[in-house]
Amino acid sequence: MAGKDFTEYLPLTESTYYILLALVEPLHGYGVMQKTETLSSGTVSIGPGTLYGAFTTLEKEKLIMLVKEEERRKSYILTEKGKKVLAGQIHRLEIMTRCGKTILSKL
Amino acid sequence: MSEDLINKSKWFWAWADDKEEAWLRANANQGLHLVQARPFGLYIFRRGIPRDVVYRLDYISSLKKDDHYFQLFKDANWEYVGEMMGWQYWRKEAADGSSDEIFTDSESKMKKYRRLLGFMAIFLPVLIFNVTNLGDIPSDGRTFFFTGVQLLSFALLLFYSYAMLRIGLRISQLKRL
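Keep in mind it's a predicted model, so treat the numbers as computed, not measured.

*Asks:* Can you walk me through the overall build of chain A in this structure?
*Replies:* Check the secondary structure of chain A and you find 4 helices and 3 strands. Along chain A, helices (α) and strands (β) appear in the sequence α-β-α-α-β-β-α when read from the amino end. Its C-alpha atoms give chain A principal-axis dimensions of about 55 × 40 × 20 Å. The 107 residues of chain A split such that 41% are buried. Charge separation in chain A, taken as the distance between the mean sites of 15 positive and 12 negative side-chain charges, equals 4 Å.

*Asks:* Quick question: what am I supposed to make of the pairing of strand β3 (residues 42-47) of chain B here?
*Replies:* Moving residue by residue along a regular strand, the side chains alternate between the two faces of the sheet. Residue and element names in this part refer to chain B. Here 5 bridges tie strand β1 (residues 5-9) to β3, and the two strands are oriented antiparallel to one another. Note that in β3 the partner of I6 across the bridge is F45. Across 6 bridges, strand β2 (residues 32-38) lies against β3 in antiparallel orientation. By the bridge assignment for β3, Q36 is matched with I44.

*Asks:* Teacher, can you tell me more about the pairing of strand β5 (residues 79-84) of chain B here?
*Replies:* Residues and elements named next belong to chain B. Where β5 lies against strand β6 (residues 87-93), 5 bridges are found, and the strand directions are antiparallel. Following the sheet pairing, E79 is matched in β6 by R91. Linking two consecutive strands that pair antiparallel, namely β5 and β6, is a turn of 2 residues; a positive phi of about 50° is found at M85 within it.

*Asks:* Mind showing me how you'd approach the packing of helix α3 (residues 48-60) of chain A against helix α2 (residues 67-75) of chain B here?
*Replies:* Working note: a packed helix pair is described by the angle between its axes plus the distance between those axes. Where α3(A) meets α2(B), the axes come as close as 9 Å, and the angle between the chain directions of the two elements is 145°. Remark: the crossing between α3(A) and α2(B) carries right-handed chirality. Counted together, A:P48, A:G49, A:L51, A:Y52 and A:F55 of α3(A) and B:H68, B:Y69, B:L72 and B:F73 of α2(B) form the full contact between these two elements. Residue classes in the contact of α3(A) with α2(B) are distributed as 7 nonpolar, 2 polar and no charged.

*Asks:* Mind showing me how you'd approach the sheet that holds β1(B) here?
*Replies:* Hydrogen bonds between backbone groups are what pair the strands of a sheet, and the pairing can be parallel or antiparallel. Residues and elements named next belong to chain B. Strand order in the open sheet made by the 3 strands is β1-β3-β2, with antiparallel pairing throughout. Whereas interior strands pair on both sides, the edge strands pair on one side only; in this sheet they are β1 and β2. The average angle at which neighbouring strand axes cross in this sheet is 30°, direction not considered. Along the sheet face, helix α1 (residues 17-29) touches β1, β2 and β3 and points at about 25° away from the line of β3.

*Asks:* When you look at unusual backbone geometry in this model, what are you seeing that I'm missing?
*Replies:* Keep in mind that most residues, glycine aside, have a negative phi and that most peptide bonds are trans. Looking along the chain, the bond that leaves A:L10 and enters A:P11 is cis, with omega of -5°. Its place among the elements puts A:P11 in the segment before α1 (14-22). Its identity as a non-glycine residue notwithstanding, A:E71 has a phi of 50°, on the positive side. Not every positive phi belongs to a glycine, and B:F40 is a case in point at roughly 65°. Among the secondary structure elements, B:F40 is positioned in the loop between β2 and β3. A relative accessible area of 71% places B:F40 in the exposed class.

What counts and what doesn't
Residues numbered from 1 in each chain as written. Chains lettered and ligands numbered in written order. Predicted model: local features only at pLDDT ≥ 70, side-chain atom pairs only at ≥ 80, totals over all residues. Heavy atoms only, no water. Helix = DSSP H or I, 4+ residues; strand = E, 2+ residues; numbered from the N terminus. Buried < 20%, exposed > 50% of the residue type's maximum accessible area, 1.4 Å probe, protein only. Lys, Arg positive; Asp, Glu negative; His and termini not counted. Charge placed at Lys NZ, Arg CZ, Asp CG, Glu CD. Pairing = 2+ DSSP bridges. Axes fitted to C-alpha atoms, helices over the stretch in contact; angles between N-to-C directions. Left-handed = near helix turned anticlockwise from the far one by under 90°. Contact = heavy atoms within 4.5 Å. Nonpolar A, V, L, I, M, F, W, Y, C, P; charged D, E, K, R; others polar.

So, in structure tokens, the structure goes:
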């Protein structure tokens, strides 16, 4: 059976989007939480319950992979498949902001 | 047993765990800090200095949670209180500057209730089997016993269906525009 086409994961939730974006470098959970706050200029914060569930799902779907486990902390990094999903999401967001700005500017 | 320990009894439905969280916070504000939650709505508190402490409940089966789970919460400033039948009790000081939520989007809140539904569904076949099959047993001296089991199963099945419906409603309330 062929793997899921990456478009099936789209659109990503805001949390998932920032989690994937944060994981362009290996990070453990708390690192992802902090980086999300910074990347999103404080508009998105990710709680530990949300992150634990997201890690489990994203690892199962092979969008991220485990790189290190030390002191009871797991570190993950984005996979090639994860990069494709992220690029697909960014493409969607570009269309959204472009058409949104165009329409709003005419009001 | 220290005399600083206080028992309280209060029933909360699984689909209204936010009410339980609020009640635990109100107790903490009166100086009663949760030591242990026990089945059937029994709570043990320790009397101390009143503090504004936020409580949050997660539902995750004991088999699924691991060291990584606990470390993630601890790193985010949450203190583990304990477990009661799959419910994980977490708390933190309200004014520590970090988020008061363990679930920060509706999708993950919905998943919590789905895990609960998934666990409850395990017992459904047994209940349904009891209700539908036990009645066919020919009457003899044990009829009363079987009818009793059947009635009990029927009552449980009704209760179960109602609870699952309420949890399902809770999930649909969390769906956003």
